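# Results of the structural survey
Single-letter residue listing:
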Amino acid sequence: VYRPAGHAARVGGDWYKTRVLPTGRVLVALGDARGHGPDAVTLMAKLRYALAGLAFTGESVERLTGWLNLLACDDGEESTATSVIAHYCSDRGLLRWTCAGHPPPLLVRRGGVRFLDPPPEGPGLPLGVLPGTPYTAAETPLRPGDVVLLYSDGLIERRGSDLDRDASRLLRAVRGGTGAGIPPGGAALDAFARGLVDALMAPDAEDDATVLAFRRVEPGA
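From a predicted model like this one, the values you see are computed outputs, not experimental measurements. (Residues numbered from 1 in each chain as written. Predicted model: local features only at pLDDT ≥ 70, side-chain atom pairs only at ≥ 80, totals over all residues. Heavy atoms only, no water.)

## Side note on the pairing of strand S10 (residues 209–215)
Under the convention used in this document: Categorising residues by exposure relies on relative accessible area from a 1.4 Å probe, with only protein chains included: less than 20% of the type maximum marks a residue as buried, more than 50% marks it as exposed, and the intermediate range marks it as partly exposed. Secondary structure elements are taken from DSSP: a helix is a run of H or I of four residues or more, a strand is a run of E of two residues or more, and numbering for both begins at the N terminus. At least two DSSP bridges between two strands are needed for those strands to be called paired.
Most of S10 is tucked away: six of the seven residues are buried. Bridge analysis of strand S9 (residues 147–151) against S10 gives five bridges, and the strand direction is antiparallel. Paired with Leu-150 across the bridge in S10 is Leu-212.

Here you go:
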């Protein structure tokens, strides 16, 4: 679900990419290029299309994130972005993901909601800050029925607020939206994601908001 900022002229840098790779893994990524306007849109496009091509090398999410960091660094001092880049390994039910200065994903499991534990070395720097920055991956086992939410900071940030308050607001909204659980099927998951954006994004929001929701299902379900 993508919702532009309340001011139509403030074009943002949110981007996402999903794709089944030749290895059988699923690429799931979401990012946010700094700022608004043409510069943000240009960097957003570079990162999104670069990732789409680089992912076909079969390299790990750590290496993919490092390559995107080099691209952003080469683009100029003001060309920074945040991202979560993940591979879902269906044969193991495992989500491997990196965090480059981005808000952590959320896990919805049987009515419970929590932020995913960060990578072992903690979240990495945003893309474009320092060439050669190393990124490590977190590994999150997913159970059938689990829903993972990736989102941009425009969904939760408010002027004069702080990170703890923003995170609490998001958790309350997700818990309120899940109720007794998210019904099966893509339509129900889409309705949940749209309802979450409606609940959290103010009409006069100054930043774009993007939510990418996906659920683990058993083959044939």
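On we go from here.
## Things to note about helix H3 (residues 163–178)
Owing to its 3.6 residues per turn, the α-helix brings residues three or four apart onto one side. Stated precisely, the cut-off is as follows: Expected helix span is taken as 1.5 Å per residue step, with the number of steps being one fewer than the number of residues. Residues count as neighbours in contact if any of their non-hydrogen atoms are within 4.5 Å of one another.
With 16 residues, H3 extends 23 Å from end C-alpha to end C-alpha; this agrees with the ideal 22 Å at 1.5 Å per step. Taken together, the buried positions of H3 are occupied by Asp-166, Arg-169, Leu-170, Leu-171, Ala-173, Val-174 and Thr-178. On its buried face, H3 sits against strand S6 (106–109), strand S7 (112–115), S9 and helix H4 (186–200). Positive phi appears at Gly-179, one or two residues downstream of H3, with a value of about 55°.

## Concerning the state of the cysteines
Rules: Disulfides are defined as cysteine sulfur pairs within 2.5 Å.
Taken as a whole, this structure holds zero disulfides when the rule is applied. A disulfide-free cysteine, Cys-89 has its sulfur positioned 18 Å from the sulfur of Cys-99, the nearest such atom. Residue Cys-89 is classed as buried on the basis of its relative accessible area of 5%. In this structure Cys-99 is a free cysteine whose sulfur lies 16 Å from that of Cys-73, the closest cysteine sulfur available.

## Regarding the packing of helix H1 (residues 38–54) against helix H2 (residues 61–75)
Put simply, the test is: Axis lines are fitted to C-alpha atoms, over the contacting stretch for helices. Their N-to-C directions set the angle, which ranges from 0 to 180 degrees. Here a crossing is taken to be left-handed if its near helix is turned anticlockwise relative to the far helix by less than a right angle, and right-handed if that turn runs clockwise.
Between H1 and H2, the least distance of the axes is 10 Å, while the angle of their chain directions is 145°. For the crossing formed where H1 meets H2, the hand is right-handed. When H1 is examined against H2, the residues Leu-43, Lys-46, Leu-47, Ala-50, Leu-51 and Leu-54 are found in contact with a partner set consisting of Leu-64, Trp-67, Leu-68, Leu-71, Ala-72 and Asp-75.

## Here we look at H2
Taking 1.5 Å per residue, 15 residues should reach 21 Å; H2 reaches 21 Å between its end C-alpha atoms and fits that length. Residues of H2 that are buried: Val-61, Leu-64, Thr-65, Gly-66, Leu-68, Asn-69, Ala-72 and Cys-73. Its buried side turned inward, H2 meets strand S2 (14–20), H1, strand S4 (81–89) and strand S5 (94–100). In the segment just after H2, Gly-76 is the residue with positive phi, at about 135°.

## What to know about the sheet that holds S9
Taken in spatial order, the five strands of this open sheet run S1-S10-S9-S6-S7, and their pairing is antiparallel. This sheet does not close on itself; its edge strands, each paired only once, are strand S1 (2–3) and S7. Note that S1 and S10 share two bridges and pair antiparallel. Bridge pairing in S10 places Tyr-2 opposite Thr-210. In the packing of H3 onto the sheet, contacts are made with S6, S7 and S9, and the angle to S7 comes to roughly 155°. Sitting on the sheet, H4 is in contact with S1, S9 and S10, with an inclination near 150° to S10.

## With respect to the nonpolar core
In plain terms, the rule: Take the buried Ala, Val, Leu, Ile, Met, Phe, Trp, Tyr and Cys residues and link them wherever side-chain atoms come within 4.5 Å; each set so joined is a nonpolar core.
In terms of nonpolar packing, the biggest core is built from 23 residues, with Leu-149, Leu-155, Leu-170 and Val-174 touching the most fellow members. Every element with two or more residues in this core is listed here: S6, S9, H3, H4 and S10. In terms of residues, this core owes the most to one element, H4, which gives six residues. Residues in contact with Leu-155, not counting those within four places in the same chain, are Leu-170, Leu-196, Val-197, Leu-200, Asp-208, Ala-209 and Val-211. Ala-33, Met-44, Ala-81 and Ile-85 belong to the second largest nonpolar core, which has 21 residues in total.

## Section: the sheet that holds S2
Spatial strand order, S2-S3-S4-S5-S8: five strands in an open sheet with antiparallel pairing. Strands with a single pairing partner mark the edges of an open sheet, and in this sheet they are S2 and strand S8 (138–141). Neighbour to neighbour, the strand axes of the sheet diverge by 15° on average, direction disregarded. Strand direction decides the pairing type here: strand S3 (residues 26–33) and S4, joined by eight bridges, are antiparallel. Looking at S4, one finds that Ala-29 is bridged to Ile-85. In this fold H1 packs onto S2, S3 and S4, with an angle of close to 10° to the strand it touches most, S2. Contacts between H2 and the sheet are confined to S2, S4 and S5, with S5 contributing the most and set at about 25° to the helix.

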